[in-house]
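Residue strings, one per chain:
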Amino acid sequence: NEAAVSKGLCRVLAGLADADTIFALSSGHGRCGVAVVRISGSAAATALRCMVGLGNQLPPPRTALLRSITDPHSKEVLDRGLVLWFPAPHSFTGEDSVEFHIHGGPAVITAVLQALGSVPGMRPADAGEFTRRAFHAGKLDLTEVEGLGDLIHAETEAQRRQALRQMSGELGRLYQDWSHRLKRTLAHVEAFIDFSEDELIEEGVLDQVDISVCDLQAEIEQHLKDERRGERLRSGVHVVIAGATNAGKSSLLNTLCQRPAAIVSPIAGTTRDVVESALDIGGFPVLLSDTAGLRDSPDLVEQEGVRRARERYREGANQNNFLTIQLISVQFKSTQPERNSMLVKQDSRCLLVLNKTDLLPEAHREELNLELRRVSGLPPVCLISCQTNEGLKDFLTVCGDPLSGAPTLTQARHRAHLQQCVAALAQYRQYRDSDLALAAEGVRLALTSLGRITGRVGAEEILDIIFKDFCIGK
Amino acid sequence: MAASVKSICVRCMSHMLTKKLPPVQSVLFLVSRRASQLSRQRYDVIVVGGGHAGTEAAAAAARIGAETLLVTQKIQTIGALSCNPSLGGIGKGHLVREVDALDGLCGRAGDWAGIHFSVLNRSKGPAVWGPRAQLDRQRYREFIQAELLSTPRLKVLEGSVEELLVSDPNPAEPGRHRVAGIRLANGSQLISASSVVLTTGTFLSGSLFVGQTLSPGGRMGDAPSSSGLTQTLRDRLGLRVGRLRTGTPPRLLKDSVDLSLAKLHPPDRQPTPFSFMNTHTRCKPAEQLPCYLTYTTPGVERVVRESLHLNCHIQQDAKGPRYCPSIESRVLRFPGRSHQVWLEPEGLTSDLLYPQGLSMTMPPDVQLRLIREIPPLHRAEIHTPGYGVQYDYVCPTQLSPALQVKNTQGLFLAGQINGTTGYEEAAAQGLWAGVNAARRALSQPPAALSRTESYIGVLVDDLVSRGVTEPYRMFTSRAEFRTSLRPDNADLRLTMKGFELGCVSAVRHHEAVRVRCSLQNAIAALQALTMSSTSWKKKLPGISMSENKNQALSGMDLLQYKDVSFEMLASVFPESLASYMEFSQRLKIEAVYKPHCDQNKSEIKRIQSEENMSLPQDIDYFTLSVSLSQEVREILDRFRPTTLGAATRLEGMTPAAIANLFKYVVLTRRQESMMSGKQADNEEERGEEPCKRNASLPQ
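Everything quoted here is computed from the prediction, not taken from an experiment. (Residues numbered from 1 in each chain as written. Chains lettered and ligands numbered in written order. Predicted model: local features only at pLDDT ≥ 70, side-chain atom pairs only at ≥ 80, totals over all residues. Heavy atoms only, no water.)

Concerning helix H15 (residues 506-528) of chain B
- In this model H15(B) runs 33 Å from its N-terminal to its C-terminal C-alpha over 23 residues, within 8% of the 33 Å that 1.5 Å per residue would give.
- Buried within H15(B) we find Arg508(B), His509(B), Glu511(B), Ala512(B), Arg514(B), Val515(B), Ser518(B), Leu519(B), Ala522(B), Ile523(B), Ala525(B) and Leu526(B). (Helix = DSSP H or I, 4+ residues; strand = E, 2+ residues; numbered from the N terminus. Expected span 1.5 Å × (residues − 1). Buried < 20%, exposed > 50% of the residue type's maximum accessible area, 1.4 Å probe, protein only.)

Some points on the environment of Leu501(B)
Residue and element names in this part refer to chain B.
- With respect to the element layout, leucine 501 can be found in helix H14 (residues 490-501).
- C-alpha of leucine 501 to C-alpha of valine 179: the two residues are 322 residues apart in sequence and 23 Å apart in space.
- Beyond its immediate stretch of four places on either side in the chain, leucine 501 contacts Ile64, Trp432, Arg439 and Ala447. (Contact = heavy atoms within 4.5 Å.)

So, unusual backbone geometry
Residues and elements named next belong to chain A.
- A cis amide bond links alanine 88 to the next residue, proline 89, at an omega of 0°.
- Tracing the chain through its elements places proline 89 in the loop between strand S4 (77-86) and strand S5 (97-103).
- Residues other than glycine seldom take positive phi values, yet arginine 62 does so here, at roughly 55°.
- Within the secondary structure, arginine 62 is located in the loop between helix H2 (44-52) and strand S3 (65-70).
- On the basis of relative accessibility, which here comes to 38%, the residue arginine 62 falls in the partly exposed class.

What to know about the pattern of salt bridges
Residues and elements named next belong to chain A.
- Using the criterion set out here, one finds 44 salt bridges over all chains in the structure.
- When the shortest N-O distance is used, the salt bridge between arginine 38 and glutamate 99 registers 3.9 Å. Taken together, the residues arginine 38 in strand S2 (residues 34-40) and glutamate 99 in strand S5 connect sequence positions 61 residues apart. Just as arginine 38 is buried, glutamate 99 falls in that class too.
- Because the salt bridges share partners, they merge into one network encompassing Asp207, Asp210, Arg432 and Asp433. (Salt bridge = Lys/Arg side-chain N within 4 Å of Asp/Glu carboxyl O.)

Here's the deal with the confidence of the model for chain A
Residue and element names in this part refer to chain A.
- Overall, the prediction assigns chain A a mean pLDDT of 74, with 69% of residues at 70 or greater.
- When mean pLDDT is compared element by element in chain A, S5 scores highest at 92, while helix H1 (residues 2-15) scores lowest at 39.
- When the criterion is pLDDT under 50, residues 1-18 qualifies, and its contacts beyond four places in sequence or with other chains add up to 25 contacts.
- Note that residues 333-346 has pLDDT below 50 and, in this model, 21 contacts with residues that lie over four places away or in other chains. (pLDDT = per-residue confidence, 0-100.)

Here's the deal with the pairing of strand S1 (residues 42-48) of chain B
Residue and element names in this part refer to chain B.
- Among the 7 residues in S1, 6 count as buried, and that is most of the element.
- As judged from the 6 bridges shared by S1 and strand S9 (residues 190-198), these two strands associate in the parallel manner. Note that in S9 the partner of valine 47 across the bridge is valine 197.
- With 4 bridges joining them, S1 and strand S2 (residues 68-72) adopt parallel strand pairing. For valine 47, the partnering residue across the bridge sits in S2 and is leucine 70. (Pairing = 2+ DSSP bridges.)

Focus on the sheet that holds strand S19 (residues 387-394) of chain B
Residue and element names in this part refer to chain B.
- A sheet is described by the order of its strands in space; here 4 strands give the open sequence S11-S10-S19-S12, paired in antiparallel fashion. The sheet is open, and its two edges are formed by strand S11 (213-216) and strand S12 (241-248), each paired on a single side. Averaged over neighbouring strand pairs, the angle between their axes works out to 25° when direction is ignored.
- Across 8 bridges, the pairing between S12 and S19 is antiparallel. Along S19, the bridge assignment pairs valine 241 with valine 394. (Axes fitted to C-alpha atoms, helices over the stretch in contact; angles between N-to-C directions.)

Remarks on the packing of helix H4 (residues 92-101) of chain B against H14(B)
Residue and element names in this part refer to chain B.
- H14 packs onto H4 with a crossing angle of 35° between their chain directions and a minimal axis gap of 8 Å. Helix-helix and strand crossings are classified by hand; for H4 and H14 the assignment is right-handed. Together, Arg97, Glu98 and Ala101 of H4 and Ala490, Asp491, Arg493, Leu494 and Thr495 of H14 make up the contact between the two elements.
- When the residues that make up the contact of H4 with H14 are grouped by side-chain class, the tally is 3 nonpolar, 1 polar and 4 charged. (Left-handed = near helix turned anticlockwise from the far one by under 90°. Nonpolar A, V, L, I, M, F, W, Y, C, P; charged D, E, K, R; others polar.)

Re the sheet that holds strand S13 (residues 251-253) of chain B
All names here are of chain B.
- What the 6 strands build is an open sheet, ordered S14-S15-S16-S17-S13-S18; its pairing is antiparallel. Each edge of the open sheet is held by one strand with a lone partner, namely strand S14 (263-265) and strand S18 (382-384). Strand after strand, the sheet turns through a mean of 35° between neighbouring axes, direction not considered.
- Direction of pairing for strand S15 (residues 291-295) relative to strand S16 (residues 340-345): antiparallel, over a ladder of 4 bridges. Looking across to S16, one finds that leucine 293 is bridged to tryptophan 342.

With respect to the state of the cysteines
All names here are of chain B.
- Scanning the entire structure with this criterion turns up 0 disulfides over all chains.
- Here cysteine 503 is not disulfide-linked; the sulfur of cysteine 106 is the nearest cysteine sulfur, at 13 Å.
- Cysteine cysteine 597 shares no disulfide, and the gap to the nearest cysteine sulfur, in cysteine 517, comes to 20 Å. (Disulfide = S-S within 2.5 Å.)

Section: the side chain of Lys588(B)
All names here are of chain B.
- Within the fold, lysine 588 resides in helix H20 (residues 584-611).
- Here lysine 588 occupies a buried position and makes no salt bridge, while the nearest side chain of opposite charge, aspartate 563, is found at 6.9 Å.
- In this structure the side chain of lysine 588 is engaged in a polar contact, spanning 2.6 Å, whose partner is the backbone oxygen of tyrosine 561.
- Discounting residues that sit within four places of it in the chain, lysine 588 has contacts with Leu559, Gln560, Tyr561, Lys562 and Val564. (Lys, Arg positive; Asp, Glu negative; His and termini not counted. Polar contact = N/O pair within 3.5 Å; in protein donor to acceptor, adjacent residues only side chain to side chain.)

Brief notes about the pairing of strand S11 (residues 350-355) of chain A
- Counting buried positions over the 6 residues of S11(A) gives 6, a clear majority of the element.
- Burial along S11(A) is two-sided: the face carrying Cys350(A), Leu352(A) and Leu354(A) and the face carrying Leu351(A), Val353(A) and Asn355(A) are both buried.

Structural notes on the packing of aromatic side chains
- Within this structure, the stated rule accounts for 5 aromatic pairs over all chains.
- Taking 5.8 Å as the distance between ring centres and 35° as the angle between the ring planes, the aromatic pair formed by Tyr175(A) and Trp178(A) counts as tilted. Within this pair, Tyr175(A) and its partner Trp178(A) are both found in helix H6 (residues 170-195), separated by 3 residues, close to a single helical turn. When sorted by exposure, Tyr175(A) lands in the same class as Trp178(A), which is buried.
- Summarising the aromatic geometry, the rings of Phe195(A) and Phe475(B) are spaced 5.1 Å apart at their centres and angled 65° between planes, so their arrangement reads as edge-to-face. With one member in each of two chains, Phe195(A) in helix H6 and Phe475(B) in the loop between helix H13 (455-466) and H14 form a pair that bridges those chains. Each member of the pair, Phe195(A) as well as Phe475(B), carries the same accessibility label: buried.
- Here the basic side chain of Arg38(A) rests over the ring of Phe130(A), its NZ or CZ set 5.1 Å away from the ring centre. (Phe/Tyr/Trp six-rings, centres within 6.5 Å; stacked < 30°, edge-to-face > 60°. Lys NZ or Arg CZ within 6 Å of the ring centre and 35° of its normal.)

What follows is the structure, given as structure tokens:
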């Protein structure tokens, strides 16, 4: 019996070769020297050919080659790295597989993942999917299966946390809204299919569906276009240090650069122009800008500096890859204008940094900490001293956190699912007049794709909407 | 379909409609009315109940080869349509086609008894077409009774079952009990059997409601079933039961209804048979009867509200369906609207009308007041008042996918007892339970039917892995692979499989093989006809083809165009295509759906491979030494999924939990194979496979 089962399983699995081709970052998240991106499935060879410029040739199996990895559409070089080709069945999953060993910066990884997502027939892997395929192919030994649960748990946990961060934001609200509308749209198509012959389901329902599908498709397409801005991340995140004069903005710049890039003096208004410096924080290329402190000054040069500083803030307000560090000297903590400005900036792309903690006695520091905890709605806060480097390590962690959790890392994943969603909605419109079952299939697929971001939707949930919205009598 | 149907007819083998139905009276002597007349006291399979589930179960068990006994209270009511006089519809029609593909009764009975045929959703795509018919109650009963009474190996006994005989389990199989047979009421006679199928419908602790009166029973006019059966299930076997309710409308005297005030709803001009074996229906196209459509008025809502205090059923909280609700719950849930009421014929010669949508439970005098608020019914007379039924059902998560009670070897349940509603749902379960009951009795392994290959599979999987909270009805929206599970291809999906299982006759199998071969050859011929789009345009000047370069297109590609029919292609290439004309509609559908079905294939394969991994039924999930959260353990314990696939679909399961279950299954399997000493070497070898290590690490 056992033999029969495994024989049956093998037969089934042999057919799995024509399943979707999946890809994922396999080397774990966070900063690392080398990152491994793995691809598995029948389209792996296609992906390899179109991203590595091999013509119709495939590299010799299981041999590392140094190659430029390019975007299949724009032909832009994304990175230079090692490429390995594992033809089936001699691979981890038993399917055709490809590995890219690329530089470990999140920007490079994101770029490669996005490029893979744009190859037809490819989609980001679900949690543990490689291992699952390997398991199906009988390629896993017991110890590997042993750790599988923990691995998937850790992975989904990380994804969940990341998703949560995004889902509570504007992007999350957007996705949820789409998902909600798509569910309702599907419920109405399904109601029309299952009940319109006998029940009072107005013909108008379908017109409403047409409009929703059209709107959703247009909105998601627009979003996909806009999101290209995120790709600028590859050329760097802009971080602007803002704050009152003499808060220590230039000192912070110098501390971060580990060199005296800007002139520092105890005189308020020393910095009069925007001073820029390129850095690497948490694996991300960062362009750090020091600005003039905001104050009314009779000095014409300083006035110009303040104007430029304000312009820089305004530029950043509309961009994803822009982070403001609001720097405040703890000495001024009680002055009214500072309190106001620190409460205004409740943006997730803002960090609040309190400088000059070395000037505070221990007791006051405690008091300050307590007070910060009491005030709600603050952006992430750190206490540092550019003089003694106290708190700098915490600062870098906090600073790196909103960057590494930024939409960009999961962006490639979302992008691929959203593209599939749009394509599926097009299927609805293609079949709307000739075959409603196939048209509805398009809406189902669209919801499945979106559901990979916002959570799976079952048939029961759709039926619930149907029975809430329509009186089904027969 | 009509065109294809003709030519089958020519070479037609046996078929029911040309065969003369034996008069029921003449075969009744074959029936044992008293148990003492039974030729034997031991059967392979005993089926309790003669409704849609019971008749299909008994017939299927006998077809498989089991000596089968059907026990029912009244032989007269075998095959009775207790509620609506119709069969099929959207989703339900799919089930009828599948039951027919497995050689069940209801499709052929529908073709025999139908008096108004229509394919619903005709404008919406073949995957969701819903073959449906209004039935003549008399003819339906006739057909089912004649068919059962002439089935070899099947005996029918009139009687009431007092209790189930339960004994110790066979230690080699999972389960705490084993069913050994039944005890009949009056005379306390015992009949033993390897398998028992219970299809008691609404009779399990059934109560009938009209106004404020309540009486025990499962159907008006029939005796209540014995309370012993409920006791066995609940107390002896410890099964969890719940309570559901349903209802039926009053029957009206046709002559008292002013049909000129209702909208005429004609049948299809050319009836489409349910059965793959039939080329035409018994009722001739012109003999069909129409239905009528009318609407409720504000007066209906007023009467409902005024009489609420007199209406016990609507005040109770036992769960009623959201989709076949009484007129009371419809107007209460969606007030201020007018609701549809269909006036349906009950038979060719019947003088009654069935008002679909007017199920009600108020006192009879109020029912009369209510219906007279509807214009065509302003002088209508009620023949039989409507009433409500409340009944026990056994929570179906306690069943295996073979519809066997997990803790009781040999006990199978089908139909409303599992929390479903509808004739078609009952028939589908009955057939499946009958097949498995017989296979068990004949020491064959249980048969499996996946949700990826059939609506029956969807139905069974939904029931046993998710349970019900209201009467379960089939909708096409429940089927994930709707584009593959079409009414037109039920024979290709199920008939060969059914033949292997033993429930399909050689005649039907032969026909299905012929159809499959012809379709395959026709598709190959179409694919062989490949030429440039320009050449196609020359051949078929009328069609609007997108100007796509000089792309090579096959006949299959071309058939995907909306305005290209198989007939058109056959007229251009008669030598290669004309012989397939009888399949023109099926070929058109295949061509349009093929790309979409191909897309589904990988997902289907994944699900099927997970469904092949069974989880032992006796696991104690609370003590299982596998890393699972308490929440997940509770879910697993409550639903006891039989396969990994079923576990994956449970709400609240996490990917990590699934992975750990995977691991568990693999471990157990390996341990088993180590114990039996087989395959261990193979496994070792596989673990050492050289390519795997350097390939890469698990993600």
